[in-house]
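The chain contents come next:
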Amino acid sequence: MRIFNTLGRTLQTFEPREAGKVAMYVCGATVQSRPHVGHGRYAVVFDVVRRYFEWLGYDVTYVRNITDVDDKIIDAAGEMGVSIQEVVDMADTAFHWAYDQLNVLPPDIEPRATEHVAEMIEMIERLIDRGHAYEANGDVYFIVRSFPDYGSLSGRNIDDLRSGERIEPGEHKRDPLDFAVWKAAKPGEPSWESPWGPGRPGWHIECSAMAHKYLGVGFDIHGGGHDLVFPHHENEIAQAEAAGHVPFVNYWMHNGLLNLSGEKMSKSTGHVIDLVEGIEKYTPGAVRLFYLRTHYRKPVEFSEEALIDARASLDRIWAFRRRVPGPVEDIPLAAAMDSFREAMEDDLDNAGALAVLFDVIREGNRRLDAGEQAVPWVAAYEEIITVLGLAEPAAALDDVADQVASLATDLGLKPVGGESAIAAMIDLRAEARGKKDWATADRIRDGLAAVGIVLEDTPDGVRWHRG
RNA sequence: GGCGACGUGGCCGAGUGGUGAGGCAAGGGUCUGCAAAACCCUGUACCCGGGUUCGAUUCCCGGCGUCGCCUCCA
């Protein structure tokens, strides 16, 4: 597989650190507020990376952290007048609900910063011992100029940086470029004991320490949003490698950001579409497909039209699979799998992979129309849809159970629940159709449509699905 | 100011030095009681100006435009 490595900015052939294994770390959420639509993208993109490697047969260890101690969280708690724990719990719950809805597989390890402070302190001590960090008034700063490779990931020259030109009041940096790896506690803030007094870790050290703990030195892939390249990932490299973990990471992958009205979605500006609301409004599958329509490195413009478009595309995708009920166990069409793999091998060309899926669907539909079984096409569909995580969830009827039941009663049927009620209505409608009683037939179909259940008359019988 | 990305048909979005991926939308047709789904047909696109070339949307140079990072941010 060829991966565009941000480190070096070139397409590189992926060589795992250890044969048959992939160790990857992705920067997850800072649980300071509910997720916005942009946050779903990194989750889905790296979920596909993980699924693809697993599909290839790799043993993947996927670590995605949770930053649960941070200035922003403390600020948010203050503003909302609630405890830090409440902010964390609220945001954490929303993030996980969204991951789950978006069919993002749980990571193998999901470390929380607050549970790894000991490892961070240990790393900071190493940095101080090696002359890469210093304590000042209870803070500890990393000496940027002590790490010659600083800037290699983001392609920056230290002397061109504007960052750190100003020093926040109360900071005691020796050099404006230096950044905090440990922050002395202010009154009322959460803190941990350390050799430098009570305090809390800086954001960047969290990832360096947790990634190293779970994945060791020179692990395979580190991912995150493109906005993390500088300074976060640059700093992660500096800290980890200055502490002796060389190389820190072999491949850096960054997903493009989501724009709204031509501007990046950003928590800090409030220029966002809430992810939970987006999922509820457009459906989880449509949101996931929306992310996957565009190459993962490109910026994407969020728009209502795009989500509606994705929804329609998804309907087409799922409609194909519904034509062939039940599991399919056969060899997938080799030509299609080759094309799919070719696309994915090319720096995870997820958009190209989708095109392959649609080709499979079109030809599969043709075969089905011609009366064939089309099993190789359906099998190919299953493989691709699984890697992309776009499989249609089993139709749940819980939310419309009452409506379905009352509809059945209106039609004079016995009050049976769920699918059997629908089956009974389909039978009743077939009977009516047999007598050319179109009024009754349409009453049933329209009644079900009103609660979101779509009936389709096909040569092979009647199918239904959630609309 | 520094670094970087991008500009493809109504919309979205791949890709390629040589008669146009894919999706959505639209029109026509087949099927169907009607509908839905599906299939078939219909689109000659690649920001502008130079250059290289037999030939450029694809390479090079210069514009213009949009966006990101340089401060917390997926």
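Conventions we followed
Residues numbered from 1 in each chain as written. Chains lettered and ligands numbered in written order. Predicted model: local features only at pLDDT ≥ 70, side-chain atom pairs only at ≥ 80, totals over all residues. Heavy atoms only, no water. Pairing = 2+ DSSP bridges. Helix = DSSP H or I, 4+ residues; strand = E, 2+ residues; numbered from the N terminus. Expected span 1.5 Å × (residues − 1). Buried < 20%, exposed > 50% of the residue type's maximum accessible area, 1.4 Å probe, protein only. Contact = heavy atoms within 4.5 Å. Salt bridge = Lys/Arg side-chain N within 4 Å of Asp/Glu carboxyl O.

S.K.: Is there a simple way to explain the sheet that holds strand 11 (residues 258–260) in this structure?
M.R.: Adjacent strands of a sheet form backbone hydrogen bonds with each other and so pair up, either parallel or antiparallel. Here 3 strands make up an open sheet; going across it, the order is 12-11-13 and the pairing mixed. Among the strands making up the open sheet, the edge pair consists of strand 12 (263–264) and strand 13 (300–302). Taken together, the 3 bridges between strand 11 and strand 13 define a ladder with parallel strand orientation. Bridge pairing in strand 13 links asparagine 259 to glutamate 301.

S.K.: Looking at this structure, how should I read helix 9 (residues 304–322)?
M.R.: For helix 9, spanning 19 residues, the distance from its first C-alpha to its last is 27 Å, which sits close to the expected 27 Å at 1.5 Å a residue. Buried within helix 9 we find Ala306, Leu307, Ala310, Leu314, Ile317, Trp318, Phe320, Arg321 and Arg322. For helix 9, the secondary structure elements touched by its buried residues are helix 7 (275–282), helix 8 (284–292), strand 13, helix 11 (350–369), helix 12 (375–388) and strand 15 (461–466).

S.K.: When you look at the pattern of salt bridges in this model, what are you seeing that I'm missing?
M.R.: A side chain of one charge can pair with a side chain of the opposite charge if their charged atoms are brought near each other. Taken as a whole and judged by the stated rule, the model has 32 salt bridges. One salt bridge connects glutamate 110 with arginine 64, and the closest N-O pair in it is separated by 3.0 Å. Taken together, the positions of glutamate 110 in the loop between helix 3 (84–101) and helix 4 (117–129) and arginine 64 in strand 4 (residues 59–64) put the pair 46 residues apart, joining distant regions of the chain. By relative accessible area, which is 27% here, glutamate 110 ends up partly exposed. Put simply, arginine 466 and aspartate 399 hold a salt bridge, and the shortest N to O gap is 3.1 Å. With a gap of 67 residues between them, arginine 466 in strand 15 and aspartate 399 in the loop between helix 12 and helix 13 (401–410) connect regions that are remote in the sequence. Using a relative accessible area of 24% as the deciding quantity, one classes arginine 466 as partly exposed.

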